[in-house]
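So you can see what is in the structure, the chains are spelled out below.
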Amino acid sequence: MRFRYYFRGTRRFIKNRKRKFLLWLSELFLDSEYILDGTPKRNWFLKRLGMEIGENCKIDSGLWADWSRVKIGNNVLIRENCRIWGGAIIEDDVVLSAGVQLLTAGHNPSDMSVVFAPIIVHKKAWIATNAIILSGVEIGEGACVAAGSVVTKNVPPYTMVAGVPAKVVKNLKSKEDK
Ligand SMILES: CC(C)(COP(=O)(O)OP(=O)(O)OC[C@H]1O[C@@H](n2cnc3c(N)ncnc32)[C@H](O)[C@@H]1OP(=O)(O)O)[C@@H](O)C(=O)NCCC(=O)NCCS
């Protein structure tokens, strides 16, 4: 009886160790700049966590996201240490530079209840380093968010916004217009 008890305990111990090892391995893969950084194998790994990822995407280390709420199109580049709280829809040919934060989920400051409004980044948009996008915001096609901006309102297509809060500072022409 005692032997079986210990045996069961050992099995549980090994199972837990295996789980912890897998978790450790996943953190190693996702955080390391050296292992699988920006490779299709990393994408395979992220897909296992529930992310939808299109073709030819390059995702660098340190991304944290609510994995199963993130949809990414084709040819998307996500540089180091981005955060996608509460998920987002990111269309084709989008670039997120290092440290960008998409804050889909947050709290209502008056009662601390959880608020959630989807963020959509339309195709060909570029969000530069350390910009923060607040919940419910849509970044228009071909738009550019300058480094360090805090975007509180929708960004029209083919415009550049900058500052805190971000304002339109430039109109950008689409390729067809040039
Ligand atoms: C987006 C970016 C490239 C814009 O450059 P640009 O087209 O040359 O823009 P300009 O310098 O003409 O700036 C236009 C206006 O926006 C302002 N502006 C530009 N970037 C700004 C910023 N990050 N925050 C606040 N204002 C900014 C400028 O002061 C200027 O204002 P003014 O017309 O009153 O003088 C640049 O702002 C940026 O964010 N660079 C960082 C790039 C990056 O993240 N690289 C990482 C590798 S991908």
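Please clarify how the pairing of strand β19 (residues 167–171) should be interpreted in this entry.
For a regular strand, side-chain orientation follows a simple rule: the groups alternate between the two sheet faces. Bridge count between strand β18 (residues 159–162) and β19: four bridges; the pairing is antiparallel. Looking across to β19, one finds that Ala162 is bridged to Lys167. Linking β18 back to β19 in an antiparallel pair, the connection comprises four residues, with Gly163 at a positive phi of about 100 degrees.

I keep staring at helix α2 (residues 40–48) and nothing clicks. Help me out?
Note on helix geometry: an α-helix contains 3.6 residues per turn, so any two residues three or four positions apart are oriented the same way. The set of residues buried in α2 consists of Arg42, Asn43, Phe45 and Leu46. For α2, the angular spread of the buried residues around the axis is 160 degrees, confining them to a single face. Facing away from the buried side of α2 by over 90 degrees, the exposed positions are Pro40, Lys41, Trp44 and Arg48. Just downstream of α2 lies Gly50, where phi reads positive at about 110 degrees.

Sorry if this is basic, but what is going on with the site of the ligand here?
The immediate surroundings of the ligand are formed by Ser97, Trp126, Ala128, Thr129, Cys144, Ala146, Ala147, Met160, Ala162, Gly163, Val169 and Lys170. Within the contact set of the ligand, an oxygen atom lies 2.6 Å away from a side-chain nitrogen or oxygen of Thr129. In this structure, an oxygen atom belonging to the ligand sits 2.8 Å away from a side-chain N or O atom of Lys170. Residue assignment for the shell around the ligand shows that the elements contributing at least two residues are β18 and β19. Looking at the shell around the ligand, its residues break down into eight nonpolar, three polar and one charged.

Help me understand the sheet that holds strand β3 (residues 64–65) in this model?
Adjacent strands of a sheet form backbone hydrogen bonds with each other and so pair up, either parallel or antiparallel. The five strands are arranged β3-β6-β9-β14-β17 in an open sheet whose pairing can be described as parallel. Both edges of this open sheet fall to β3 and β17 (150–151), since each of them pairs with a single strand only. Where β3 meets strand β6 (residues 83–85), two bridges bridge the pair, whose relative direction is parallel. Among the inter-strand pairings, Trp64 is bridged to a residue of β6, identified as Arg83.

Would you explain the packing of aromatic side chains in this entry?
Ring pairs (aromatic) are described by centroid distance and by the angle formed between their planes. For the structure shown, the criterion picks out two aromatic pairs. Taking the centre distance of 6.4 Å and the plane angle of 55 degrees together, the rings of Trp64 and Trp67 count as tilted. Pairing Trp64 with Trp85 gives two aromatic rings, centres 4.9 Å apart and planes at 40 degrees, and the pair type is tilted. Residue Trp64 is located in strand β3, and its partner Trp85 is located in strand β6; the two are separated by 21 residues in the primary sequence. Relative accessible area serves as the criterion here: at 35%, Trp85 is assigned to the partly exposed category. Taken together through their ring pairs, the aromatic side chains of Trp64, Trp67 and Trp85 make up a single cluster.

Is there a simple way to explain the pattern of salt bridges in this structure?
When the charged atoms of two side chains lie near each other, side chains of opposite charge can form a pair. One pass over the structure, following the stated rule, counts three salt bridges. Between Lys58 and Asp60 there is a salt bridge, and its shortest N-O distance comes to 3.0 Å. A relative accessible area of 1% places Asp60 in the buried class. Each of Lys58, Asp60, Arg79 and Glu80 takes part in one network of salt bridges that share partners.

How do you make sense of the sheet that holds strand β7 (residues 88–90) when you look at a structure like this?
Strand order in the open sheet formed by five strands is β1-β4-β7-β12-β15, with parallel pairing between adjacent strands. The open sheet has two free edges, formed respectively by β1 (52–53) and β15 (138–139), since each of these has just one partner strand. In this structure, strand β4 (residues 70–72) lies alongside β7, joined through three bridges in parallel fashion. Bridge assignment links Ile72 to a residue of β7, and that residue is Ile90.

Thresholds applied
Residues numbered from 1 in each chain as written. Predicted model: local features only at pLDDT ≥ 70, side-chain atom pairs only at ≥ 80, totals over all residues. Heavy atoms only, no water. Pairing = 2+ DSSP bridges. Helix = DSSP H or I, 4+ residues; strand = E, 2+ residues; numbered from the N terminus. Buried < 20%, exposed > 50% of the residue type's maximum accessible area, 1.4 Å probe, protein only. Arc of directions from axis to C-beta. Near = heavy atom within 4 Å. Polar contact = N/O pair within 3.5 Å; in protein donor to acceptor, adjacent residues only side chain to side chain. Nonpolar A, V, L, I, M, F, W, Y, C, P; charged D, E, K, R; others polar. Phe/Tyr/Trp six-rings, centres within 6.5 Å; stacked < 30°, edge-to-face > 60°. Salt bridge = Lys/Arg side-chain N within 4 Å of Asp/Glu carboxyl O.

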